[in-house]
There are 2 protein chains.
Amino acid sequence: MQHHEVQSEDKILFFKKEYISEFVYGGIDGAITTFAVVAGAEGASLGIAVVIILGLANLIADGFSMSVGNFFSTKAQRDNFDRHRAREYWEVENLGEIEKDEIREIYAAKGFQGDLLNQVVEVITADKDVWVDTMMKEELQMTKDDKTPIKTASVTFISFILVGSIPLLAYIFAGLDSGIAGADLFLYSSILTGIALTIVGSLKSIVTERNILAGIAETLLLGGLAASLAYFVGDVLERVFR
Amino acid sequence: MQHHEVQSEDKILFFKKEYISEFVYGGIDGAITTFAVVAGAEGASLGIAVVIILGLANLIADGFSMSVGNFFSTKAQRDNFDRHRAREYWEVENLGEIEKDEIREIYAAKGFQGDLLNQVVEVITADKDVWVDTMMKEELQMTKDDKTPIKTASVTFISFILVGSIPLLAYIFAGLDSGIAGADLFLYSSILTGIALTIVGSLKSIVTERNILAGIAETLLLGGLAASLAYFVGDVLERVFR
C-alpha cells in the first residue's frame, strides 16, 4: 500500500504520471482524426471553408464523445470492482465456510500445508477486510485502480482538443486572411501534424518505458496511414458522387 | 485461477463477454462521431455529396486510428505488467533479503506475527513464482489482464465501422438514387442513429451490470449532445467563413 501511494505521487510537468497515457492516447487520436478530415477534404478537393468547418466540428464532437466514452469506461471498471467486492463481503458473511475453503485452496496452491495452512487460514479469515482483499486479488485477479473517471476524461478531452487543433492551424490562419494557396496549406498542415505526433509519440515512450524512436516511428506511421486512407477514400468518393 | 478461467469462457452471441466493452465503446464512438459529421455538415448546409465523402473518410480513418490506439494501449498495459514482473524476478534473485522483508511487512499488515509470520515468509519465499506473484499483487497492485491487443483492436474496429456506418445509410441511398429532399435525410439519419445507440446502449448495461434504461438514456444523451455541438459549430462557422 505504501509503495502504491508513493508511486501515484510521481508528477511530470503539471499532472500525475499515471494520467500521461490518457494525454498520449487522447492527443494521438485528436491529431490523427483531425488530420484525416483535412486529408479527406483535400482528396475530395473541398476547399478551405469546408476543411475548417468540418475539422472544428469533428474536433469538438469527437473530443467530447471520446472523453465521455472514457468517463463511462473508467467508471464502469471502478463500479465493476466495487460490485464484486460488495459481493465478496456478502459471501464472506453468508457463506463463510465455502469462502474459508477457497482461502484454504488459494494458500494450498502457494505451497502451504498441514497445521501451518490451518493457522494461515485462521489469520486471513479473522479480519474481514483482509479476507475479502485476498479473494479479490487471488480469486478474481482484481486490484483497485486509483484513477478517477472525471480526471481521465478531462485529460483526454484537453489533450484531444489541444493536439487535435494543430492540423487545422494553417487552414484557420489562411481562412482569416485568404492569401495562401490550397496546396501549400496541406503541406503546412502535414508538417505541423508531423511535429505534433513526434512530440506526443515521444511522450508515449514515457508511458511504455520503451525506445523513444520506436514510439515516434509507430505514431507517425499510424498517423500517415490513417490520413492516406482518408485521402484515398475522399478522392475515390469524389469521383463517384460528384 | 479456476474461477477466472470459467469467467473468461462466458460467451454472448459469438464473442467472449469480456470483449463486449470494446464492442460497446467502439460502436458508441463510431455512431456518435459519424453522426456528428452529418450534423456538422447539415448545420453548415454542405450537401449530400460532402456528407457522404467526409462521413465515410472519417469513419474509416477514425475507426482505424481508434483501433490502432486501442492496440497500443492494451499492449502497453501488458508490456508494463511483464516489465514489472521481470523486475521483481530480478529483485528476488539479487536483492533477496530486502524482498523477503517486504513479504514480511505485507503479511504483518494482514495480521500475522511472531513465529507464524516467520513460517509464512519462509513458505512464500521458497517458491520464486509465488514470491513474485505476491509482490505483483500486494506491492504493485497489478494483476494480469487476459485480453490480447489484437482482439481488443479488432472488436473495436469492426464495431466502429458497423455501428458507425448507420448514420450515413440514408445519405448513401439518396446519393445513389437522388430523389429525396435534404431535410428528410437528416431526419432519417437521426432516427437510424437513435435506434443504433439504443441497441448499443442496452448492450452497455450488460458490461456495467446496471439498469438497462439508464444505459440507453446515457448513450442517447451523449450522442444528442455531441451532434448538437457539431451542428452548432458547423452552423456558426458557416457564417464566419463563407
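In case you missed it, the structure is sitting above this.
All of the points below concern the structure found in this document. Please read these numbers as outputs of a predicted model, since none were measured by experiment.

1. Here's the deal with the relation of the copies chain A and chain B
With an RMSD of 0.1 Å, chain A superimposes on chain B once it is rotated by 180° and translated 0.1 Å along the axis. These values place the two chain copies in the arrangement generated by a two-fold rotation axis.

2. Some details on helix 7 (residues 149-164) of chain A
Because an α-helix completes one turn every 3.6 residues, residues spaced three or four positions apart along the sequence face the same direction. Residues and elements named next belong to chain A. Taking 1.5 Å of rise per residue, 16 residues should cover 22 Å, and helix 7 covers 22 Å from first to last C-alpha, within 8% of that figure. If you check which residues of helix 7 are buried, you get Pro149, Thr152, Ala153, Val155, Thr156, Ser159, Phe160, Val163 and Gly164. Each buried residue of helix 7 sits inside an arc of 165° when the element is viewed along its axis, so together they form one side. In helix 7, the exposed residues that point more than 90 degrees away from the buried face are Ile150, Ile158 and Leu162.

3. Examining the nonpolar core
A:Leu54 and B:Leu54 are the most contacted members of the largest nonpolar core, which has 54 residues in total. Within the second largest apolar cluster, 38 residues are counted, among which are A:Phe81, A:Met135, A:Leu140 and B:Leu117.

4. As for the interface of chain A and chain B
Between chain A and chain B, the contact holds 79 residues from the first and 79 residues from the second. Interface area for chain A against chain B, summed over the two sides, is near 6,600 Å², with a carbon-plus-sulfur share of 68%. Remark: the boundary between chain A and chain B carries two salt bridges. A salt bridge links B:Lys137 to A:Glu138; its shortest N-O distance comes to 3.0 Å. Applying the counting rule to chain A against chain B returns seven residue pairs in polar contact (both at pLDDT 80 or more). Top contributing element to the side of chain A that touches chain B by residue count: helix 3 (residues 48-94) of chain A, with 24 residues. Here the side of chain A that touches chain B is built from residues that sort into 41 nonpolar, 19 polar and 19 charged.

Parameters at a glance
- Residues numbered from 1 in each chain as written.
- Chains lettered and ligands numbered in written order.
- Predicted model: local features only at pLDDT ≥ 70, side-chain atom pairs only at ≥ 80, totals over all residues.
- Heavy atoms only, no water.
- Least-squares fit on C-alpha atoms with pLDDT ≥ 70 in both.
- Helix = DSSP H or I, 4+ residues; strand = E, 2+ residues; numbered from the N terminus.
- Expected span 1.5 Å × (residues − 1).
- Buried < 20%, exposed > 50% of the residue type's maximum accessible area, 1.4 Å probe, protein only.
- Arc of directions from axis to C-beta.
- Core = buried A, V, L, I, M, F, W, Y, C linked by side-chain atoms within 4.5 Å.
- Contact = heavy atoms within 4.5 Å.
- Buried area = accessible area lost by both parts, 1.4 Å probe.
- Salt bridge = Lys/Arg side-chain N within 4 Å of Asp/Glu carboxyl O.
- Polar contact = N/O pair within 3.5 Å; in protein donor to acceptor, adjacent residues only side chain to side chain.
- Nonpolar A, V, L, I, M, F, W, Y, C, P; charged D, E, K, R; others polar.

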